Amino acid sequence: VVALVGDLGAGKTQLVRGLCAALGVAPQAVHSPTFTLVNEYTGQRNGAPLPVYHFDLYRIEQTDELFDLGYEAYFYGSGVSLVEWADLAPTFIPADAWRVALVHDEPDGREIEVTHL
């Protein structure tokens with residue numbers, strides 16, 4: 001699980017596109033799942049298919065929506081979960097997740113801080 005945090009327009013979805021591209025997913029196929037909460041892609045690792053799950057929690061109104069979605073299967077399964085706006089549901093993020101914080105540094109620059117929780 002990669003927990004992405006940052007203001008609107010900080011580059012979370014763009015970073016997800018780059019991570020997905022590195023996993024063999026076509027970048028043009030990646031778009032923010034703002035209204036569906038999760039998009040599923042198929043990447044590759046060592047030539048084998050790898051599920052990639054792209055979450056956007058920006059419009060989540062109640063954390064029960066994550067239970068309804070069956071988040072455990074995604075977060076604790078065998079794929080990669082990339083979670084935008086992870087700070088809106090911090091208790092659901094696994095303890096061993098990676099946290100990536102993006103901050104506007106300049107009009108076209110970003111400061112990125114990566115930590116392992």
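Provided above is the structure to which this section pertains.
This write-up is about the structure you can find in this document. Computed from a predicted model, the values in this text were never measured in an experiment. (Residues numbered from 1 in each chain as written. Predicted model: local features only at pLDDT ≥ 70, side-chain atom pairs only at ≥ 80, totals over all residues. Heavy atoms only, no water.)

## Focus on the environment of A86
Here A86 lies in the loop between β4 (80-84) and β5 (98-104). Between the alpha carbons of A86 and L57 there is a distance of 6.6 Å; along the sequence they are 29 residues apart. (Helix = DSSP H or I, 4+ residues; strand = E, 2+ residues; numbered from the N terminus.)

## Brief notes about the pairing of strand β6 (residues 110-116)
Of the pairings in the sheet, the one linking β5 to β6 comprises seven bridges and is antiparallel in character. Considered in β6, the bridge of V103 is made with E111. Hairpin connection from β5 to β6: five residues lie between these consecutive antiparallel strands. (Pairing = 2+ DSSP bridges.)

## Topic: the environment of K12
Here K12 is to be found in helix α1 (residues 12-22). In this structure K12 comes out as buried when scored by relative accessible area, which is 4%. On a C-alpha basis, the gap between K12 and E72 in space is 22 Å, while along the polypeptide they are 60 residues apart. Beyond its immediate chain neighbours, meaning those up to four positions away, K12 contacts L4, V5, G6, D7, E84, W85 and L102. In this structure the side chain of K12 is engaged in a polar contact, spanning 2.9 Å, whose partner is the backbone oxygen of G6. (Buried < 20%, exposed > 50% of the residue type's maximum accessible area, 1.4 Å probe, protein only. Contact = heavy atoms within 4.5 Å. Polar contact = N/O pair within 3.5 Å; in protein donor to acceptor, adjacent residues only side chain to side chain.)

## Topic: the sheet that holds β6
Pairing is mixed across the open sheet formed by six strands, whose spatial order is β2-β3-β4-β1-β5-β6. Because the sheet does not close on itself, it has two edges, and the strands there are β2 (38-45) and β6. In this sheet, adjacent strand axes meet at a mean angle of 20° when their direction is disregarded. Note: strand β1 (residues 2-6) against β5, five bridges, orientation parallel. Within β5, the position partnered with G6 by the bridge is L102. Taken strand by strand, α1 contacts β1, β2, β3 (48-56), β4 and β5, and its axis lies near 165° from that of β4. (Axes fitted to C-alpha atoms, helices over the stretch in contact; angles between N-to-C directions.)

## Regarding the pattern of salt bridges
Across all of its chains, the model carries one salt bridge by this definition. Put simply, E113 and R99 hold a salt bridge, and the shortest N to O gap is 4.0 Å. Residue E113 is located in strand β6, and its partner R99 is located in strand β5; the two are separated by 14 residues in the primary sequence. (Salt bridge = Lys/Arg side-chain N within 4 Å of Asp/Glu carboxyl O.)

## Notes on a negative patch on the surface
On the surface, D105, E106, D108 and E111 cluster together into a patch of negative charge. Within the secondary structure layout, D108 lies in the loop between β5 and β6. Judged by its relative accessible area of 77%, D108 is exposed. (Patch = residues over 30% accessible without salt bridge, like charges linked within 9 Å, V, L, I, M, F, W, Y side chains within 5 Å. Areas by Shrake-Rupley, 256 points an atom, 1.4 Å probe, with all protein chains shown as cover. Lys, Arg positive; Asp, Glu negative; His and termini not counted. Charge placed at Lys NZ, Arg CZ, Asp CG, Glu CD.)

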